[in-house]
Amino acid sequence: MRTLQYREAIREAMEEEMRLDDRVFLMGEEVAQYNGAYKISQGMLDEFGPRRIVDSPISETGFSGLGVGAAMYGLRPIIEFMSWSFCLVAADQIINNAPKMLYMSGGQFGCPAVFRGNNGAGGQLGSTHSWCVESMFASVPGLKLAIPSTPRDAKGLLKTAIRDEDPVFNLESERMLGLGARGDKDFSRYIKDTWAPPTHKQDEDFTIPFGVADIKKPGKDVTIVAAGRPVHFALDAAEELEKEGIDCEVIDPRTYRPLDIDTIVKSVRKTNYCVVVDQSWPFASVGSEIAAQVYEHAMDDLDNKVIRVNNDDIPAPYNRTLEQEMLPNTKKIIDAVRAVTYNA
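Residues numbered from 1 in each chain as written. Predicted model: local features only at pLDDT ≥ 70, side-chain atom pairs only at ≥ 80, totals over all residues. Heavy atoms only, no water.

**Overview of the nonpolar core**
Membership of the largest hydrophobic core comes to 45 residues, with the highest contact counts inside it found for W84, I94, F115 and F169. Mapped by element, the contributors of at least two residues to this core are β1 (24–28), α3 (60–72), β3 (76–81), β6 (168–172), α10 (261–271), β11 (274–277) and α11 (286–298). By residue number, the principal contributor to this core is α11, which donates 5 residues. When residues of this core are assigned to domains, at least three map to each of domain 1 (6–195) and domain 2 (214–340). Among residues more than four places away in sequence, those in contact with I94 are S64, F81, W84, C87, P99, F115, F137 and F169. Counting 31 residues, the second largest nonpolar core, distinct from the first, contains M14, M44, I162 and V168. (Core = buried A, V, L, I, M, F, W, Y, C linked by side-chain atoms within 4.5 Å. Buried < 20%, exposed > 50% of the residue type's maximum accessible area, 1.4 Å probe, protein only. Helix = DSSP H or I, 4+ residues; strand = E, 2+ residues; numbered from the N terminus. Domains from an automatic or database assignment. Contact = heavy atoms within 4.5 Å.)

**Comments concerning the layout of surface pockets**
Approximately 190 Å³ is the volume found for the second largest pocket. The wall of the second largest pocket is formed by S135, A138, S139, Y256, R257, L259, A284, S285, V286, E289, I290 and Q293. Mapped onto the lining of the second largest pocket, the elements with two or more residues apiece are β10 (255–257) and α11. With 4 residues, the top contributor of residues to the lining of the second largest pocket is α11. Partitioning the lining of the second largest pocket into residue classes produces 6 nonpolar, 4 polar and 2 charged. Per-domain counts for the lining of the second largest pocket show at least three residues from each of domain 1 (6–195) and domain 2 (214–340). (1 Å grid on protein atoms, 1.4 Å probe; cavity = no way out; pocket = protein on both sides within 12 Å on 5 of 7 lines; lining within 4 Å. Points joined across faces, edges and corners; volume = space filled by probe spheres on them. Nonpolar A, V, L, I, M, F, W, Y, C, P; charged D, E, K, R; others polar.)

**Observations regarding the sheet that holds strand β9 (residues 248–252)**
Whether parallel or antiparallel, the strands of a sheet pair through hydrogen bonds between backbone atoms. Read across the open sheet, the 5 strands follow the order β7-β9-β8-β11-β12; overall the sheet is mixed. Edge positions in the sheet fall to β7 (214–217) and β12 (307–309), since each of these pairs with one other strand and no more. Each strand axis lies, on average, 25° off the axis of its neighbour in the sheet, ignoring direction. When β11 meets β12, the two strands line up parallel, connected through 3 bridges. Bridged to V277 within β12 is V309. Against the sheet, helix α9 (residues 230–242) touches β7, β8 (222–225), β9 and β11, its axis set at about 170° to β9. (Pairing = 2+ DSSP bridges. Axes fitted to C-alpha atoms, helices over the stretch in contact; angles between N-to-C directions.)

**Digging into empty space enclosed by the protein**
Counted by the stated rule, this structure contains 4 cavities of 30 Å³ or more. Approximately 90 Å³ is the volume attributed to the largest cavity. Surrounding the largest cavity, N119, G120, A121, C132, S173, R175, R229, P230, F233, Q279, L327 and P328 form its lining. Two domains each provide a minimum of three residues to the lining of the largest cavity, namely domain 1 (6–195) and domain 2 (214–340). Computed from the structure, the second largest cavity encloses a volume of approximately 40 Å³. Surrounding the second largest cavity, Y6, N119, I147, P148, L171, E172, S173, M176, G228, R229 and Q279 form its lining. Taken together, the residues of the lining of the second largest cavity break down into 5 nonpolar, 4 polar and 2 charged. When residues of the lining of the second largest cavity are assigned to domains, at least three fall in each of domain 1 (6–195) and domain 2 (214–340).

**What about the packing of aromatic side chains?**
Note on aromatic pairs: each is described by the distance of the centres and the angle between the planes. The full count for this structure, using the stated rule, is 10 aromatic pairs. Ring centres of Y73 and F109 lie 6.2 Å apart, and the angle between their planes is 50°; on these two criteria the pair is classed as tilted. Of this pair, Y73 sits in the loop between α3 and β3 while F109 sits in the loop between α5 (101–104) and β4 (114–118); the two residues are 36 residues apart in sequence, bridging distant segments of the chain. A ring pair is formed by F137 and F169, whose centres lie 5.1 Å apart and whose planes are at 80°; its orientation type is edge-to-face. (Phe/Tyr/Trp six-rings, centres within 6.5 Å; stacked < 30°, edge-to-face > 60°.)

**Here's the deal with the pattern of salt bridges**
According to the stated counting rule, one finds 27 salt bridges in the structure shown. In this structure, R19 engages E15 in a salt bridge whose closest nitrogen and oxygen atoms are separated by 3.8 Å. Here R19 pairs with E15, and both are found in helix α1 (residues 6–20), just 4 residues apart, close to one helical turn. Of the charged contacts in the structure, one is a salt bridge between R116 and E80, with a shortest N-O distance of 2.7 Å. Of this pair, R116 sits in strand β4 while E80 sits in strand β3, and the two are 36 residues apart along the sequence. For the residue pair R116 and E80, the accessibility class agrees, reading buried in each case. (Salt bridge = Lys/Arg side-chain N within 4 Å of Asp/Glu carboxyl O.)

**Side note on the domain arrangement of the protein chain**
Here the protein chain is described as being made up of domain 1 (6–195) and domain 2 (214–340). If you average the C-alpha positions of domain 1 and of domain 2, the two centres end up 25 Å apart. Facing the 34 residues of domain 1 at the interface are 32 residues of domain 2. In this assembly, domain 1 packs against domain 2 so that about 2900 Å² is buried in total across both faces, 54% of it on carbon and sulfur atoms. Across the domain 1-domain 2 interface, the total number found is 2 salt bridges. R254 is the salt-bridge partner of D153, the closest N and O atoms lying 3.3 Å from each other. Here domain 1 is connected to domain 2 by 15 residue pairs in polar contact (both at pLDDT 80 or more). Those elements that provide at least two residues to the side of domain 1 that touches domain 2 are α6 (134–137), β5 (144–146) and α7 (151–163). Considering every element that reaches the side of domain 1 that touches domain 2, the biggest residue donor is β5, with 3 residues. When the residues that make up the side of domain 1 that touches domain 2 are grouped by side-chain class, the tally is 18 nonpolar, 10 polar and 6 charged. (Buried area = accessible area lost by both parts, 1.4 Å probe. Polar contact = N/O pair within 3.5 Å; in protein donor to acceptor, adjacent residues only side chain to side chain.)

Written out as structure tokens, the structure reads:
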């Protein structure tokens with residue numbers, strides 16, 4: 001059995017797909033000579049060379065546009081943003097061009113590009129470097145949105161993204177890059193995040209389909225829906241709430257577009273209570289959309305309103321204590337579960 005760190009899982013996914021398909025290449029700031037700003041692409045330049053591991057200028061507008069053009073002409077680019085906060089200057093390329101290209105060209109040009117990088121608060125990086133962009137982009141038709149919470153999911157979802165014919169936004173987390181290393185809190189009884197493929201070929205074929213949620217922890221009393229880093233806060237909360245006799249089911253959608261609402265609704269019909277955890281701001285958030293769909297499909301099964309746990313509706317503070325208080329956290333989730341189940 002082997003356990004990958006989150007950053008190693010991302011790297012392994014890219015390496016395997018690049019060995020299988022010479023159309024795949026990686027471009028971004030410092031991905032080559034510096035081995036990646038966060039060492040995700042460490043060693044890839046040595047194996048694949050400068051034509052496929054490409055250092056770019058500090059110009060998200062430029063290299064995002066190059067990626068869209070390359071995808072239109074048959075290549076399969078992986079465009080790395082050092083932070084998704086920096087993608088905003090490339091909005092025209094990534095949300096006004098890439099998702100619409102197949103539709104506007106009448107099927108003549110697709111855009112099988114992957115845009116990936118760190119999303120959300122990285123730890124005292126200030127307001128302009130701490131964006132959670134999923135709510136801004138989830139409403140755009142024509143793109144897919146993956147948000148892995150574990151190394152296993154990070155690898156399987158990224159491999160699926162690279163093979164996909166549509167543009168995919170892969171939202172990673174700087175705060176989880178070392179996840180899986182010695183010393184991390186053990187949630188192995190909930191998350192089966194080690195796997196031992198019997199052959200290298202089967203490892204290459206390891207993918208996770210989009211639109212299939214994962215039940216990270218089964219339970220019967222309340223449904224908690226969370227994706228990305230908040231999954232771990234939800235599992236922390238579930239562990240604490242077990243001591244109070246509240247058995248939480250934790251569901252990780254893994255992709256927001258497409259969204260596996262069926263798994264979420266099935267769980268709510270069993271538990272009759274729902275808490276949605278979302279690291280975006282509360283107004284017009286992904287959490288709001290999930291709550292709305294739960295009401296549409298399972299209104300008669302709910303014994304209380306759906307409670308949302310979001311970032312506070314403020315820019316991310318620089319101060320460490322204030323930043324942690326602003327984000328979804330274990331205490332907020334515990335309080336929400338107690339409230340929704342009438343145990344407050």
